[in-house]
Amino acid sequence: MMSKATKTLPADFLWGGATADFQYEGGFDEGGRGVLSHDYETDGSQAHPRHHTMQLPDGRLIKPKSSFILAEDVPDEAQPVFLDDQYYPSHQAVDFYHHYKEDIKLMAGMGFNVFRFSVCWSRIFPTGEEAEPNAAGLKFYDDVINEMAKYQMEPLITICHDELPMNLAIKYNGWTSRKVIDAYVKYAKTLFEHFGDRCRYWLTFNEINAVRGFGPTGVRQATGHDRYLAAHNMFVASAKTVILGHKMMPGSQFGAMYAMSELYPATCKPADMFHHLQARRENWYFIDIMGRGYYPSYAEELWQRHGFDHLEMAATDAATLKAGQLDYIAFSYYRSNTTKDGDDWFNVGGSTNPYLAETPWGWPVDPLGLRYCMNEIYDRIQKPIFIVENGMGAIDQADNQDYVEDDYRIDYLQQHLSAMADAINIDHVPCLGYTMWGPIDLVSLSTGEMKKRYGFVYVDMDDKGHGTLKRTPKKSYRWMKQVIATNGAALADK
């Protein structure tokens, strides 16, 4: 019987890191890659949100906000355009495209046995509608996976990480069109054919409960009916892909990823408690449909809160959703927030918690909330879970050798990983693994900054893409190596 005090994890536990192509990969105009929906998204900051650069037929430029939290509508007649005076982080990112061997070796040096990365859809099908895939794009990911195999590191592939080929956004209004379902399934099938013999874990979508707007979904209307119609089509695409993947790759495991940072009622006032129930359903809606295979009883009430009461569905969709349920539930956990009666409806964020400290970006730090969240998900869905994003964005001060003493990151991870171990060992929540967000420093999604760093490895690059891109392990690199070498037992040392 395992001691309740132990932090040692099951022998088959997967330890690794996670990235997204448009924040990490770069090489946007190399190897036949097509233009991506995020490629017209600028950098930003807390004070100046990221935006798309668009042009109207009369030549006027507009800059609709692009963050999935602040997404703004994009006029039907507006077309994306690159501007010389703007910096677009996805074009270079931190250039994994040319540093993949070095980065994979660094990850292996920590003992990673899994690496979660996303395939860039437009690197495989530049417009999303080609008859045949781009051979150079397939070769790049083939090389990446083969390099990982040298270190006995297996891939966890995100098929679609908040993006799509720009052509599908412009031509079809993105995921509002069922034509994009067909394009996605064809794309996924291509990945299964080429990489399925070396990949057993797949994610169909990233943070599907949070994405909205033009950059992540190609949809010009950021709220209401179009947002949830796009989500429905993504549900169907995911289910069709799961069915196909199980057929083509027996033994394969499919999840989707949700932004499920914890949410608490602000008080025990009954109206606050009920508002919390409804607010949490803004997220459960997505997990219930994909994890259980059917729309929940509260779906209509949720739709009405967002200004509509009906979604267009094909007669076969219900059967497809039932047959294409997920095998496991993957989620990101960064923080917790509170909500009360009268607050706006949201999928991520909320009010701060007076009992918690915050990061420099105002994100409350709540390790126990991770254990709470793991139990909450498993109690509801009764399928294994996978923590595929967790970490702390911070301003790292590097010395003249690019070395960072990031004890704050070690403290954050020690507390969160300990809470994870308690959920597994004490509460008996089945958890497949943990992939820390941004093991090598990369561009922040929310602000487009480089100074908001998450990694175990420092990358010499500033907010405008200037720097040598030299990689240097931080203090946390050695600490995490020991945690993985002891399969979590070292967490009890502090």
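Remember, predicted model here, so these are calculated numbers, not experimental data.

1. With respect to the environment of Thr241
Phase 1 of the analysis: Its location among the elements puts Thr241 in helix H8 (residues 225–248).
Phase 2 of the analysis: Counting along the chain gives 54 residues from Thr241 to Tyr187, while the straight-line C-alpha distance between them is 9.7 Å.
Phase 3 of the analysis: Ignoring sequence-local partners within four residues, the contact set of Thr241 consists of Ile159, Tyr184, Val185, Ala188, Phe192, Thr204 and Phe254.

2. Some words on the pattern of salt bridges
Phase 1 of the analysis: Throughout the structure, instances matching the rule amount to 31 salt bridges.
Phase 2 of the analysis: For Glu25, the salt bridge is made with Arg123, and the minimal N-O distance between the two is 2.7 Å. A residue pair is termed long-range when its members are at least 10 positions apart, and Glu25 in the loop between helix H1 (21–24) and strand E2 (54–55) and Arg123 in helix H3 (residues 121–124) qualify at 98 residues. Pair check on accessibility: Glu25 and Arg123 agree, each one buried.
Phase 3 of the analysis: Residues joined by salt bridges that share partners form a network here, namely Asp396, Asp406, Arg409, Asp441, Arg453 and Lys474.

3. Focus on the sheet that holds E2
Phase 1 of the analysis: Spatial strand order, E3-E2-E4: 3 strands in an open sheet with antiparallel pairing. Every other strand in the sheet has two partners, leaving strand E3 (61–62) and strand E4 (79–80) as the edge strands with one partner each.

4. Details of the UniProt feature "active site" (unreviewed entry) in the protein
Phase 1 of the analysis: When the UniProt feature table is mapped to this numbering, "active site" (unreviewed entry) covers Glu389.
Phase 2 of the analysis: Among the secondary structure elements, Glu389 is positioned in strand E12 (residues 385–389).
Phase 3 of the analysis: Using a relative accessible area of 4% as the deciding quantity, one classes Glu389 as buried.
Phase 4 of the analysis: Each residue touching Glu389, except ones within four places of it in the same chain, is listed here: Ala18, Arg116, His161, Asn206, Glu207, Met257, Phe331, Ser332, Tyr333, Tyr334, Thr435 and Trp437.
Phase 5 of the analysis: At 3.1 Å, the side chain of Glu389 and the side chain of Arg116 are in polar contact.

5. With respect to the packing of aromatic side chains
Phase 1 of the analysis: Throughout the structure, instances matching the rule amount to 40 aromatic pairs.
Phase 2 of the analysis: Taken together, a centroid distance of 5.0 Å and an interplanar angle of 70 degrees make the contact between Phe13 and Trp15 edge-to-face.
Phase 3 of the analysis: Between Phe96 and Tyr100, the ring centres sit 6.3 Å apart and the planes meet at 70 degrees, which makes this aromatic pair edge-to-face. Taken as a pair, Phe96 and Tyr100 lie in helix H2 (residues 96–110) at a separation of 4 residues, close to a single helical turn. There is no split in this pair, since Phe96 and Tyr100 are both buried.
Phase 4 of the analysis: Joined through ring pairs, the aromatic side chains of Tyr24, Phe96, Tyr97, Tyr100, Phe115, Phe117, Phe140 and Tyr141 make up one cluster.

6. Digging into the nonpolar core
Phase 1 of the analysis: Counting residues in each nonpolar core, the largest one holds 133 residues, and the members touching the most others are Trp121, Trp175, Tyr285, Met374 and Met420.
Phase 2 of the analysis: Those residues in contact with Met374, other than ones at most four positions away along the chain, are Phe331, Ile385, Ile387, Met420, Ala423, Ile424, Val429 and Cys431.
Phase 3 of the analysis: Residues Leu14, Val114, Tyr328 and Phe386 belong to the second largest nonpolar core, which totals 10 residues.

7. Let's talk about the pairing of strand E13 (residues 431–437)
Phase 1 of the analysis: Across the 7 residues of E13, 6 count as buried, placing the element largely inside the fold.
Phase 2 of the analysis: With 5 bridges connecting them, strand E1 (residues 14–18) and E13 associate as parallel partners. What sits directly across from Gly17, in E13, is Met436.
Phase 3 of the analysis: Here E12 runs beside E13; their pairing, made up of 2 bridges, is parallel. Bridge pairing in E13 links Ile385 to Cys431.
Phase 4 of the analysis: This β-α-β element, E12 to helix H13 (residues 407–425) to E13, shows right-handed connectivity.

8. Concerning the side chain of Glu207
Phase 1 of the analysis: Tracing the backbone through its elements, the reader meets Glu207 in the loop between strand E7 (201–203) and helix H7 (214–217).
Phase 2 of the analysis: In contact with Glu207, not counting residues within four places along its chain, are Phe68, Met257, Tyr258, Ala259, Ser332 and Glu389.

9. Some words on H8
Structural remark: α-helix, 3.6 residues per turn; residues separated by three or four positions point the same way.
Phase 1 of the analysis: Helix length check: H8 (24 residues) gives 34 Å between terminal C-alpha atoms against 34 Å at 1.5 Å per residue, within 8%.
Phase 2 of the analysis: Among the 24 residues that make up H8, 17 are buried, leaving the element largely enclosed by the rest of the structure.

10. As for the packing of H2 against helix H14 (residues 475–485)
Phase 1 of the analysis: At a closest axis distance of 7 Å, the pairing of H2 and H14 adopts a crossing angle of 55 degrees. Considering their axes alone, H2 and H14 lie oblique with respect to each other. Contact residues: Leu106, Gly109 and Met110 in H2; Tyr477, Met480, Lys481 and Ile484 in H14.
Phase 2 of the analysis: Class assignment for the residues of the contact of H2 with H14 results in 5 nonpolar, 1 polar and 1 charged.

11. Brief notes about the side chain of His51
Phase 1 of the analysis: Relative to the helices and strands, His51 is located in the loop between H1 and E2.
Phase 2 of the analysis: For His51, a relative accessible area of 14% corresponds to the buried category.
Phase 3 of the analysis: Every residue in contact with His51, bar those within four places of it in the chain, is listed here: Tyr40, Glu41, Thr42, Lys63, Pro64, Lys65, Ser66 and Gln86.

12. As for the sheet that holds strand E8 (residues 253–259)
Phase 1 of the analysis: Ordered in space as E1-E5-E6-E7-E8-E10-E12-E13, the 8 strands form a closed barrel in which the pairing is parallel. Across the sheet, the mean angle from the axis of one strand to that of its neighbour is 25 degrees, orientation sign disregarded.
Phase 2 of the analysis: Where strand E10 (residues 328–332) and E12 come together, 4 bridges link them in parallel fashion. What sits directly across from Phe331, in E12, is Ile387.

13. With respect to the state of the cysteines
Phase 1 of the analysis: On inspection of all chains with the given rule, the structure shows 0 disulfides.
Phase 2 of the analysis: The thiol of Cys160 is unpaired, and the distance to the nearest cysteine sulfur, on Cys120, comes to 10 Å.
Phase 3 of the analysis: For the unlinked cysteine Cys431, the closest cysteine sulfur is that of Cys373, found at 11 Å.
Phase 4 of the analysis: Exposure remark for Cys431: the relative accessible area of 11% places this residue in the buried category.

14. Some remarks on unusual backbone geometry
Phase 1 of the analysis: Not every positive phi belongs to a glycine, and Asp402 is a case in point at roughly 65 degrees.
Phase 2 of the analysis: Relative to the helices and strands, Asp402 resides in the loop between E12 and H13.
Phase 3 of the analysis: Here Leu469, not a glycine, exhibits a phi torsion of approximately 65 degrees, which is positive.
Phase 4 of the analysis: Inspection of the secondary structure assignment puts Leu469 in the loop between strand E14 (457–459) and strand E15 (471–473).
Phase 5 of the analysis: On the accessibility criterion, Leu469 (9% relative accessible area) is buried.

What counts, and where the lines are drawn
- Residues numbered from 1 in each chain as written.
- Predicted model: local features only at pLDDT ≥ 70, side-chain atom pairs only at ≥ 80, totals over all residues.
- Heavy atoms only, no water.
- Helix = DSSP H or I, 4+ residues; strand = E, 2+ residues; numbered from the N terminus.
- Contact = heavy atoms within 4.5 Å.
- Salt bridge = Lys/Arg side-chain N within 4 Å of Asp/Glu carboxyl O.
- Buried < 20%, exposed > 50% of the residue type's maximum accessible area, 1.4 Å probe, protein only.
- Pairing = 2+ DSSP bridges.
- UniProt positions renumbered as here; feature names shortened; annotations may be inferred.
- Polar contact = N/O pair within 3.5 Å; in protein donor to acceptor, adjacent residues only side chain to side chain.
- Phe/Tyr/Trp six-rings, centres within 6.5 Å; stacked < 30°, edge-to-face > 60°.
- Core = buried A, V, L, I, M, F, W, Y, C linked by side-chain atoms within 4.5 Å.
- Right-handed = clockwise from strand over helix to strand, strands pointing away.
- Expected span 1.5 Å × (residues − 1).
- Axes fitted to C-alpha atoms, helices over the stretch in contact; angles between N-to-C directions.
- Parallel < 35°, antiparallel > 145°, perpendicular 65-115°, else oblique.
- Nonpolar A, V, L, I, M, F, W, Y, C, P; charged D, E, K, R; others polar.
- Disulfide = S-S within 2.5 Å.

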